[in-house]
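# Coordinate inspection notes
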Amino acid sequence: MRVERIPSKEALYERAVAIIEEVKAQGAHTFGLATGGTMEPLYAKLCDTSIDFSDAVSFNLDEYVGLDPTHEQSYNNYMHHHLFNQKPFKASYLPNGLATDATKEAARYEALLNEQPLDFQLLGIGVNGHIGFNEPGTSFDSVTHVVDLTPSTREVNARYFDSLEEVPHKAFTMGIQSILRANCILLIAIGESKRTALQALINNDYTEQVPATALTKHPNVIVLTDLVK
Ligand code: F6R
């Protein structure tokens, strides 16, 4: 794992774009993508580049269960708004929030991922160390599945909804194994609130209580953070 501490957010996001550009130039075809506040400036910067994703495929990490893909707060909508409308991919996959059988939908998504293995995976990190919606306690052997969101994650995400009650209680997420199968992983951790979770990762702790620490066993992880020691 390579940790790059870049105190200037501007420089950090430029570095992230350069990494994605390099990975793409080296032939990466299948990109795992994330949502959340951390990714917004990155996608804005990517949209300002000449990188062409029209020959590439994307898979998102997660999606809310029960939200129509056109719902303002669906991750499908987030991705179109922040990236896909400006930088279309040949194909972009997210779990279908309205699937009638969520368990079957998770299995369908995992099968798609197996057919088109990820060359690259972009990750943010939750305050509690979650990656995707893999909350503390998730098995490191997990594949795409349906999760009950923890009260703390629902509260953190409530800022995007009109009220806490509107935040869905369940979500689809790639599992830890689905994420670890990616060839190269870029994790971005910005802000003091991420310090404890990031520290566990950097300390090489390996515990299902901090899902991000699964990455310590992956051979090709880059961590970009604005947190200097
Ligand atoms: C979203 C995702 C989440 C976020 C994490 C951090 O697709 O995978 O794990 O990366 O919750 O979110 P922000 O960036 O809003 O702090």
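Residues numbered from 1 in each chain as written. Predicted model: local features only at pLDDT ≥ 70, side-chain atom pairs only at ≥ 80, totals over all residues.

As annotated in an unreviewed UniProt entry, the protein is Glucosamine-6-phosphate deaminase from Candidatus Kurthia intestinigallinarum.

What follows deals with the overall build of the protein. Within the protein one finds 7 helices and 10 strands. Expected size for 229 residues packed as a compact globule is a radius of gyration near 17 Å; at 16 Å, the protein falls within 12% of this value. Overall size of the protein, expressed as C-alpha extent along the three principal axes, is 45 × 40 × 35 Å. The long-range share in the protein, meaning contacts at least 24 apart out of those at least 6 apart in sequence, stands at 79%. (Helix = DSSP H or I, 4+ residues; strand = E, 2+ residues; numbered from the N terminus. Rg over C-alpha atoms; globule rule 2.2 N^0.38 Å. Contact = placed C-beta atoms within 7 Å.)

This part is about the sheet that holds strand β4 (residues 62–64). What the 3 strands build is an open sheet, ordered β4-β8-β7; its pairing is antiparallel. In this open sheet, the two edge strands, each paired with only one partner strand, are β4 and β7 (145–148). Within this sheet the neighbouring strands show an average axis-to-axis angle of 30°, counted without direction. With 3 bridges connecting them, β4 and strand β8 (residues 170–173) associate as antiparallel partners. Pairing of E63 across the sheet is with F172, part of β8. (Pairing = 2+ DSSP bridges. Axes fitted to C-alpha atoms, helices over the stretch in contact; angles between N-to-C directions.)

Along the chain, D68 turns up in the loop between β4 and α3 (75–84). Judged by local crowding, D68 falls into the partly exposed class, with 13 C-beta atoms found within 10 Å. Along the backbone, D68 and L98 are 30 residues apart, and their C-alpha atoms lie at a distance of 5.7 Å. Excluding residues within four positions of it along the chain, D68 makes contact with S74, G97 and L98. (Buried ≥ 20, exposed ≤ 12 C-beta atoms within 10 Å, placed from the backbone.)

This next bit is on the site of the ligand. Neighbouring residues of the ligand: 13 residues in total, closest T35, G36, G37, T38 and G124. A per-class count over the shell around the ligand returns 4 nonpolar, 8 polar and 1 charged. (Near = placed C-beta within 6 Å. Nonpolar A, V, L, I, M, F, W, Y, C, P; charged D, E, K, R; others polar.)

When the UniProt feature table is mapped onto this chain numbering, "domain: Glucosamine/galactosamine-6-phosphate isomerase" (unreviewed entry) sits at residues 11–218. Between the end C-alpha atoms of residues 11–218 the distance is 26 Å, and the span holds 33% helix and 15% strand. (UniProt positions renumbered as here; feature names shortened; annotations may be inferred.)

For the rest of this paragraph, the subject is the sheet that holds strand β9 (residues 184–189). Ordered in space as β1-β10-β9-β6-β2-β3-β5, the 7 strands form an open sheet in which the pairing is parallel. On the outer flanks of this sheet lie β1 (2–5) and β5 (91–93), each paired with one strand and no other. In this sheet, neighbouring strand axes are inclined to one another by 15° on average, regardless of whether the strands run parallel or antiparallel. Sheet analysis places β1 next to strand β10 (residues 221–225), joined by 4 bridges and oriented parallel. Counterpart to R2 in the pairing with β10 is I222.

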